[in-house]
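Overview (structure and organization)
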Protein chains: 2
Amino acid sequence: MTDTPASADLDAERFQTVRVDLGSRSYDIVIGRGLLQEAGVRIAAVKPGARLAVITDETVAKLHLDAFSKSLSEAGLDHVVLKVPAGEASKRFELFERLCDDVLAARLERGDAIVALGGGVVGDLAGFVAASVRRGMSFIQVPTTLLAQVDSSVGGKTGINSRHGKNLIGAFHQPDLVLADTAILDTLPLRDFRAGYAEVAKYGLLGDEPFFTWLEDNWKAVFAGGPERDEAVARSCQAKADVVAEDEHEAGRRALLNLGHTFGHSLESAVSYETERLVHGEGVSIGMMLAHEFSQRLDLIGQDTIDRVEAHLSAVGLPIRISDIPGQMPPADTLMDIIAQDKKVSRGSLTFILTRGIGRSFVEKGLDPATVRDFLTEKLTR
Amino acid sequence: MTDTPASADLDAERFQTVRVDLGSRSYDIVIGRGLLQEAGVRIAAVKPGARLAVITDETVAKLHLDAFSKSLSEAGLDHVVLKVPAGEASKRFELFERLCDDVLAARLERGDAIVALGGGVVGDLAGFVAASVRRGMSFIQVPTTLLAQVDSSVGGKTGINSRHGKNLIGAFHQPDLVLADTAILDTLPLRDFRAGYAEVAKYGLLGDEPFFTWLEDNWKAVFAGGPERDEAVARSCQAKADVVAEDEHEAGRRALLNLGHTFGHSLESAVSYETERLVHGEGVSIGMMLAHEFSQRLDLIGQDTIDRVEAHLSAVGLPIRISDIPGQMPPADTLMDIIAQDKKVSRGSLTFILTRGIGRSFVEKGLDPATVRDFLTEKLTR
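Reading the values: the criteria
Residues numbered from 1 in each chain as written. Chains lettered and ligands numbered in written order. Predicted model: local features only at pLDDT ≥ 70, side-chain atom pairs only at ≥ 80, totals over all residues. Heavy atoms only, no water. UniProt positions renumbered as here; feature names shortened; annotations may be inferred. Least-squares fit on C-alpha atoms with pLDDT ≥ 70 in both. Contact = heavy atoms within 4.5 Å. Buried area = accessible area lost by both parts, 1.4 Å probe. Salt bridge = Lys/Arg side-chain N within 4 Å of Asp/Glu carboxyl O. Polar contact = N/O pair within 3.5 Å; in protein donor to acceptor, adjacent residues only side chain to side chain. Helix = DSSP H or I, 4+ residues; strand = E, 2+ residues; numbered from the N terminus. Nonpolar A, V, L, I, M, F, W, Y, C, P; charged D, E, K, R; others polar. Domains from an automatic or database assignment.

The name an unreviewed UniProt entry assigns to chain A is 3-dehydroquinate synthase, from the organism Roseibium polysiphoniae. The UniProt entry for chain A carries the following comment under Sequence similarities (unreviewed entry): "Belongs to the sugar phosphate cyclases superfamily. Dehydroquinate synthase family."

Pasting the structure below:
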């Protein structure tokens, strides 16, 4: 009875769509190779007649801005481009202010849209601008790193860093559309791809043992860029979308997504976010190993689970131990101070994501800080 | 059957409560004389065990901080005080950044609260800080001006100014509690009380003819500080709460609250927000007169309505004509440029609040800018 147009047939083959279900703020994440070239048409379908401010960084601009801009122009979308330097240092007040001013200077109105073309830094910064200018403008994400495609572009967390820590200033602001072109990832340095893969593996570890098993079997194809890559991105987005739909503002279950992140963030902070030494996904990889080892310490899991996690993370080339980080690390007390200032603290007691097995993580509140400090002291001296 | 405690009986006599109905984000506005002295107990009831950052300005601090701080301490509430200079100039990026950093330095957590003790400037600035630190902290308003009690502390609009205009950067962030101590208004300069009163009169003009009639009969008692003042504040808050509950993010009906504000903002901007020449409520008063005169021009109302509005606003001592503003005003084209950059613009056509009579205002979209410019040209040469 239904007369499906040929283009939709084609779409179903070429692209996967994950729906993030948030009532009136629901949106699609479209995943597949070659989306950049048809971004204009897809954005125009969601925001007809809107003017756009494309926020991107200089590295991404060199590689992908011409193709993206061409696609927008062909779809008749008037747009301005606002560039920031590549790197985490752009997530600061000064650039937030400058971008807000630039968007206003371009006379974008409330119904117009901010587009983030870039990785997590660009997405977080542009998202906070979109949340704040005129108390909230439309926002479209075109993530260009694996990390951004599977993590930061899903769920509406936006923000900048403060001198007190990462992502401490920001907003929850959901996008209207996410376009994840997996072919773009071919241009990503291997180290960045690996770092993003840590978040992919995280979805298996936190709640989906069959997915972790699938990754153990298929990770090489995910790295190589076959249909398995699209599948891994889509399953990761679906996993995050499910959690976010249940708990948008991280009152409860969403905290599971922080598996490995409390330890990971403290390590990133300990090296002053020097990406030569450690990037976010590497911190998450080491952090996930620590979360498993700490769970073992509490008799929640056995050595077999530790071995399996370690084997997979090592196989893809991710660091798994604090000692894998080049250079000197600070003492456990410093790491504990950083953890205490981490925003996942609640009323002085520590909240950690622990696990009872692969795919069986859970939120543990009220952990004794002394237990964690002793564990870290031991890990630092190994 | 119900055993009402004596304290609730007393409360019902001394204080009025307006409920802002926003589902899980609903909150109470408590109104009456002497609330400052029991603020601690009331805040502790809403946020038990929370630590507080009290944001206030130097003028308010001199008058009311000791009493407020004492009330918090007596209720066992640990708090830090963060002061900003009094005046609109504090609504800027630099202070937003400093306050965010100070709140983080004080190690407030997500469940802790930001308290705004002050007028609209402090409320808007502190609210944006509360919306942004850790992507959203609890927020409590203790408005100390009539304007803040009847307008800015209700409805969740927060923000700072940009060099492109007022309130262009911010967030919708609802408070958990609003305490409007009407005795505090005894310390307010008459000019500020009058300016706030313009917003009170607005609620009558936009949708409640009986309230406007009541104000015509009772405004002297409202100024004097009798129970009529509490009544006027409560009816104003209720009017705003009703609109906000229907249209939290100003997609439709909430725009009615902007009666007089598009013209008013353009006048404030035209005098570079020099409060010696014009404060917000005065701009709103002149703006409301202009909105009525423009409605007459479009044959929507007759001279009798104009006369009645003019008589009441004049009686309380508010300015009603552009020529009431001291000093030179810019030409109509400059005002039109300001209006075009105003965030109430949608896709290039102008949106104004017009009226078909007292209490019968409505949103008019798609007004021809030329008509408005001709009207302003005439008003500026009178």
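This part covers the relation of the copies chain A and chain B. If you rotate chain A by 180 degrees and push it 0.0 Å along the axis, it lands on chain B with an RMSD of 0.0 Å. Interpreted geometrically, this transformation is the action of a two-fold axis. Most of the interface of chain A is mirrored in chain B, where 100% of its interface residues again form contacts.

A few words on the interface of chain A and chain B. Tallying the contact residues gives 43 residues for chain A and 43 residues for chain B. Summing both sides of the interface, chain A and chain B together bury roughly 3,600 Å²; the carbon and sulfur share of this comes to 47%. Inspection of the region where chain A meets chain B yields two salt bridges. Here Asp101(A) ties to Arg163(B) by a salt bridge, and the two come within 3.4 Å at their closest N and O atoms. On the surface where chain A and chain B come into contact, there are 12 residue pairs in polar contact (both at pLDDT 80 or more). At the level of secondary structure, the elements contributing two or more residues to the side of chain A that touches chain B comprise helix H4 (93-105), helix H5 (120-132), strand S7 (157-162), strand S8 (165-172) and helix H13 (332-341) of chain A. A per-element tally of the side of chain A that touches chain B places H4(A) first, with seven residues. Among the residues forming the side of chain A that touches chain B, the class breakdown is 16 nonpolar, 12 polar and 15 charged.

Let us look at the UniProt feature "domain: 3-dehydroquinate synthase N-terminal" (unreviewed entry) in chain A. Sites flagged by UniProt as "domain: 3-dehydroquinate synthase N-terminal" (unreviewed entry) map to residues 82-194 of chain A. Secondary structure content for residues 82-194 of chain A is 34% helix and 30% strand, while the C-alpha to C-alpha distance between its ends is 28 Å.

All names here are of chain A. Once the domains are mapped, chain A shows domain 1 (6-187) and domain 2 (190-380). Between the C-alpha centres of domain 1 and domain 2 there is a distance of 26 Å. Both faces combined, the contact of domain 1 with domain 2 buries some 2,700 Å², and carbon together with sulfur accounts for 60% of it. Connecting domain 1 to domain 2 are three salt bridges. Its salt-bridge partner being Asp186, residue Arg229 comes within 2.9 Å of it at the nearest N-O pair. Our enumeration of links across domain 1 and domain 2 arrives at 10 residue pairs in polar contact (both at pLDDT 80 or more). Among the elements of the structure, strand S1 (16-20), strand S2 (27-32), helix H6 (146-152) and S8 are those that each provide at least two residues to the side of domain 1 that touches domain 2.

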